[in-house]
Amino acid sequence: MMIISSGPRRLLIAVVSVVAALVPFYSAHAEMSAWADNEGGRMRLVALAPDARGKIRAALQIEPKPGWITYWKEPGNSGIPPQITIAAASGVTLDAIAYPVPKHFFNGAIEDIAYDAPVTLPLSLTAAGKGPVTIDAAAFIGICKDICIPFQANLQLKLGPAIQSHPQEEAILQAADASLPKPPSVDFGVTAHAMSPDRKTLSLTLALPAGGPGEGKGAPDIIVTGPSGYAFTKQIGGKRDGATFKVDISIGKLPKDYDIVGKQWSVLVIDGERAMETTLAFE
């Protein structure tokens, strides 16, 4: 179990957080903003013009320097997830952020779910009106090595007419989409799930890809995300039988008076080179 809470790295974030507020605007008159730089890496905004329905394909590109990491949506017991805010004056709303498959890192008592290489987070945006669009986005991420440095930047981007071709931006967005975990399928998904009455363990039955690198031996990496700020990864008694894997995930402590009935959690399963993400509904 991992609960996002204060820890050694979080304390360092608090100490230097005032510095993050001083980062200026990084603007551009194209479909990519200028890079915003930080001691541990850099980031920028990429977007295409709105389609006929006002939908905008966009992404936040993050490039940690060698040896540094940046975090997934539920980062572990000492990190902070990416946060993106679009200025209301832009007339643009942020509908969703998608997350490529992360890695699992262990450093003593610290467990991180993060990226140690360049990563692009797909963004779904909607423009309220017609005509030219200017996006003013505030991006805030944690980027860590021996310490964590909060990285905040205001990224501005003016989008040109939709009739123009932008192959570089298209390639970036397509690669970002390809890096996302896949939805469940017949040969890779959750076939059953149940929470114990005491809410201490979540039992999962998975269909895993036949012929995968772990078939008949090893356990897949499983990351269950529940209430905001909670991620659970500890496996108990996992058993693999061909393409079927049964396991209990230790849940432990949940928020006080948390009622799981009617809630939806998420589970990410990484088995070799394949990754699948789906929701778990509790009735």
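In case you missed it, the structure is sitting above this.
Thresholds applied
Residues numbered from 1 in each chain as written. Predicted model: local features only at pLDDT ≥ 70, side-chain atom pairs only at ≥ 80, totals over all residues. Heavy atoms only, no water. Helix = DSSP H or I, 4+ residues; strand = E, 2+ residues; numbered from the N terminus. Buried < 20%, exposed > 50% of the residue type's maximum accessible area, 1.4 Å probe, protein only. Pairing = 2+ DSSP bridges. Axes fitted to C-alpha atoms, helices over the stretch in contact; angles between N-to-C directions. Core = buried A, V, L, I, M, F, W, Y, C linked by side-chain atoms within 4.5 Å. Contact = heavy atoms within 4.5 Å.

With that settled, consider unusual backbone geometry. Of note in the backbone geometry, R199 takes a positive phi value of approximately 60° without being a glycine. Here R199 is to be found in the loop between strand 14 (189-195) and strand 15 (201-207). What makes R199 partly exposed here is its relative accessible area of 27%. Even without being glycine, D257 reaches a positive phi, approximately 65°. Mapped onto the elements, D257 comes out in the loop between strand 19 (244-250) and strand 20 (264-271). You can call D257 exposed: its relative accessible area is 70%.

This part is about the sheet that holds strand 18 (residues 235-241). Within the open sheet, the four strands sit side by side as 14-15-19-18. Their pairing is antiparallel. Edge positions in the open sheet fall to strand 14 and strand 18, since each of these has one partner strand only. The average undirected angle you get between the axes of adjacent strands in this sheet is 15°. Where strand 14 and strand 15 come together, six bridges link them in antiparallel fashion. In the sheet register, A194 faces strand 15, and the bridge partner there is S203.

On to the nonpolar core. Of all hydrophobic cores here, the largest spans 38 residues; its most connected members are M43, I56, L60, V92, L125 and I135. At the level of secondary structure, the elements contributing two or more residues to this core comprise strand 4 (41-47), strand 5 (55-64), strand 7 (83-86), strand 10 (110-115), strand 11 (119-127), strand 12 (133-144), strand 13 (148-159) and strand 20. Discounting residues that sit within four places of it in the chain, V92 has contacts with I56, I86, A87, L125, T126, A127, V133 and I135. F245, I249, V267 and M276 belong to the second-largest nonpolar core, a separate cluster that totals 23 residues.

Bringing the sheet that holds strand 4 into the picture now. Pairing within the open sheet is antiparallel, and its five strands lie in the order 3-4-5-11-8. Because the sheet does not close on itself, it has two edges, and the strands there are strand 3 (36-38) and strand 8 (92-97). Strand-to-strand, the axes of this sheet are offset by a mean angle of 25°, without reference to chain direction. When strand 3 meets strand 4, the two strands line up antiparallel, connected through three bridges. If you follow D37 over to strand 4, its bridge partner there is R42. Along the sheet, helix 2 (residues 167-178) contacts strand 4, strand 5 and strand 11; its crossing angle with strand 5, the most-contacted strand, is approximately 80°.

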